[in-house]
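Observations on the three-dimensional arrangement
Each chain, letter by letter, is given below.
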Amino acid sequence: MESGFAIGRKLIKDIGHLVGFGAGAPGKLSGPEMRQLSVIEDAWLALEDGRVIGGGPMSEFPGIVDWNGLEVLEAAGRCVLPAWVDSHTHLVHAASREGEFVDRIRGLSYQEIAANGGGILNSAKALREMSEDDLFSVSLERMERLMRMGTGALEIKSGYGLDLESELKMLRVARRLGALERIPVKTTFLGCHAVPDGWNGPVDYTDYMVREVLPAVMEEELADHVDIFCEEGYFGLDETRTLLEAAKLRGLPAKVHVNQFKASGGVALCVEFGAMTVDHLEVLRAEDVAELATGNTMPVALPLCSLFLDLPFTQGRTLVDAGCALAIATDFNPGSAPSGNMHLAAALGCVKMGLEPIEALAAATTNGAAALGIESQVGGLGIGQEASLIVTRPLRSVEEALYAFGDPLPERVLLRGHWVD
Ligand code: NIG
Ligand code: FE
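Residues numbered from 1 in each chain as written. Chains lettered and ligands numbered in written order. Predicted model: local features only at pLDDT ≥ 70, side-chain atom pairs only at ≥ 80, totals over all residues. Heavy atoms only, no water.

Before going further, it helps to examine the sheet that holds strand β11 (residues 255–258). Spatial strand order, β7-β8-β9-β10-β11-β12-β13-β14: eight strands in an open sheet with parallel pairing. A single partner strand is all that each edge strand has here, and the edge strands are β7 (84–86) and β14 (327–328). Relative to β14, strand β13 (residues 298–301) runs parallel, the two sharing two bridges. Paired with A301 across the bridge in β14 is I328. (Pairing = 2+ DSSP bridges. Helix = DSSP H or I, 4+ residues; strand = E, 2+ residues; numbered from the N terminus.)

This is the structure in structure tokens:
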């Protein structure tokens, strides 16, 4: 301890395993790099003004020179992980749809429920009837629940409005959640989520979204990305192309729902357009993997949707072995994934997608951040990154964090330098 270290407000010491620390952000990790997310055994981490300012092995701990206002936390036997980054959610919605859950248990499929006017259209009806303030308060409650589970950054989509006013209402609510500055919130305009009653079909409706709703969204600066449900029975390749072209002209990056039930060439189209991400991919063909291995478009797996709808799980192992930077998110929504549990999503990455625990952690943290373009800010605990982390309950190893898949993981959660109660 020759030089001493002017440490900031919080010091976490004797950490059993510290994940994601480094001189800078871990950033987007592709293929074999996903195994290289850093893990330091017996470590310390220093935080000041909501940022990481230092860390490393306890054997190199420089000592404390300034005790003034310093909070010291002993984390012996615990892991400290970067907070989760949930890069795909439909968190803003009016109400749950457990009636459809029971219908599915009784034998109806997700698509049959949708064809009977349930599904997304059911959520759209409820959302249109709810005031913006009420929508904000139910959504805030959900966001706070996710924060308590250790989620430190979120993406939120529209797509339950399906008309000008209601789409704007959803996105305004998402922006208001972000304006609280509790965690970073990125927003995505998903007007093309389903075709509501009164339209001839997806072509006319997409045209309306492009001509009237997208410009209004841009005018109010309500969206960071655009999305479309590219799927048989929803929106086809032509409509996807129309929307992505319009968005590209306006400089709006794309994150697209694709290959959830069927593969139809949507992946190749998205890669061609340089989409940031393609999300779902429950159905994945060899040519889709090849496209993703060559382009910059990141695949995002949503294992809670696979679990809930009993769909195939995205072939994570195959994508990582092909060199892709895979992200895992929850898809939190009332129809296909009514859970924002990133811990469970990451654990399913191991159990059902063939990822090693460190790869699943990378997918759910730094690669989730890269899927939102905020990897320098969150998703790791590199110097300068946000002080957003999970102190786990006592665990023997990082692997145990995902092996113990169903039990609560965090003992404490710190987001942007504040402890979450
Ligand atoms: O990502 N597949 C499209 N959208 C959502 C589900 C929407 C809903 O059922 O409300 C999803 O799975
Ligand atoms: Fe989704």
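This paragraph deals with the pairing of β13. Side chains of β13 alternate between two faces, with M298 and V300 and P299 and A301 buried alike. Sheet topology places strand β12 (residues 277–280) next to β13; three bridges connect them, and they run parallel. Paired with D279 across the bridge in β13 is V300. Handedness of the crossover joining β12 and β13 through helix α9 (residues 286–294): right-handed. (Buried < 20%, exposed > 50% of the residue type's maximum accessible area, 1.4 Å probe, protein only. Right-handed = clockwise from strand over helix to strand, strands pointing away.)

Attention now moves to the site of ligand 1. Around ligand 1, a shell composed of 15 residues is seen, among which Y110, Y160, H193, Q260 and S336 lie nearest. With respect to ligand 1, the side chain of H193 contributes an N or O atom lying 2.7 Å from a nitrogen atom. For ligand 1, the accessible surface in isolation is 330 Å², of which the surrounding protein chains cover 100%. Along the lines of polarity and charge, the residues of the shell around ligand 1 split into four nonpolar, nine polar and two charged. (Near = heavy atom within 4 Å. Polar contact = N/O pair within 3.5 Å; in protein donor to acceptor, adjacent residues only side chain to side chain. Areas by Shrake-Rupley, 256 points an atom, 1.4 Å probe, with all protein chains shown as cover. Nonpolar A, V, L, I, M, F, W, Y, C, P; charged D, E, K, R; others polar.)

With that settled, consider α9. Among the residues of α9, those classed as buried are D288, V289 and L292. For α9, the arc enclosing every buried residue in end-on projection is 100 degrees, short of the 170-degree limit, so these residues lie on one face. Residues of α9 that are exposed and angled more than 90 degrees away from the buried face: A286 and T294. Among the structural elements, α8 (266–272), β12, β13 and α11 (316–321) are those in contact with the buried residues of α9. (Arc of directions from axis to C-beta. Contact = heavy atoms within 4.5 Å.)

It is worth spelling out the domain arrangement of the protein chain at this point. According to the domain assignment, the protein chain contains domain 1 (9–82 + 377–419) and domain 2 (85–370). Using C-alpha coordinates to define each centre, domain 1 is positioned 29 Å away from domain 2. Across the contact, 29 residues belong to domain 1 and 38 residues belong to domain 2. Overall, the association of domain 1 and domain 2 removes approximately 2,600 Å² of surface from exposure, summing both partners, and the carbon and sulfur fraction of that is 70%. Of all residues in domain 1, the largest losses of buried area upon contact with domain 2 belong to M34, R35 and L402, amounting jointly to 28% of the total for that side. Seen at the junction of domain 1 and domain 2, the total is two salt bridges. Contributing elements (two or more residues each) for the side of domain 1 that touches domain 2: β6 (78–82), α15 (398–403) and β17 (410–415). If one sorts the elements of the side of domain 1 that touches domain 2 by residue count, α15 sits on top with four residues. Looking at the side of domain 1 that touches domain 2 residue by residue, the class counts come to 18 nonpolar, five polar and six charged. (Domains from an automatic or database assignment. Buried area = accessible area lost by both parts, 1.4 Å probe. Salt bridge = Lys/Arg side-chain N within 4 Å of Asp/Glu carboxyl O.)

Another aspect to go through is the pairing of β17. Pairing of strand β16 (residues 389–394) with β17 involves four bridges; the strand directions are antiparallel. Paired with T392 across the two strands is P410, which belongs to β17. Pairing of β17 with strand β18 (residues 418–420) involves three bridges; the strand directions are antiparallel. Bridge pairing links L414 to W419 in β18. Adjacent in sequence and paired antiparallel, β17 and β18 are bridged by two residues, among which R416 carries a positive phi angle near 50 degrees.

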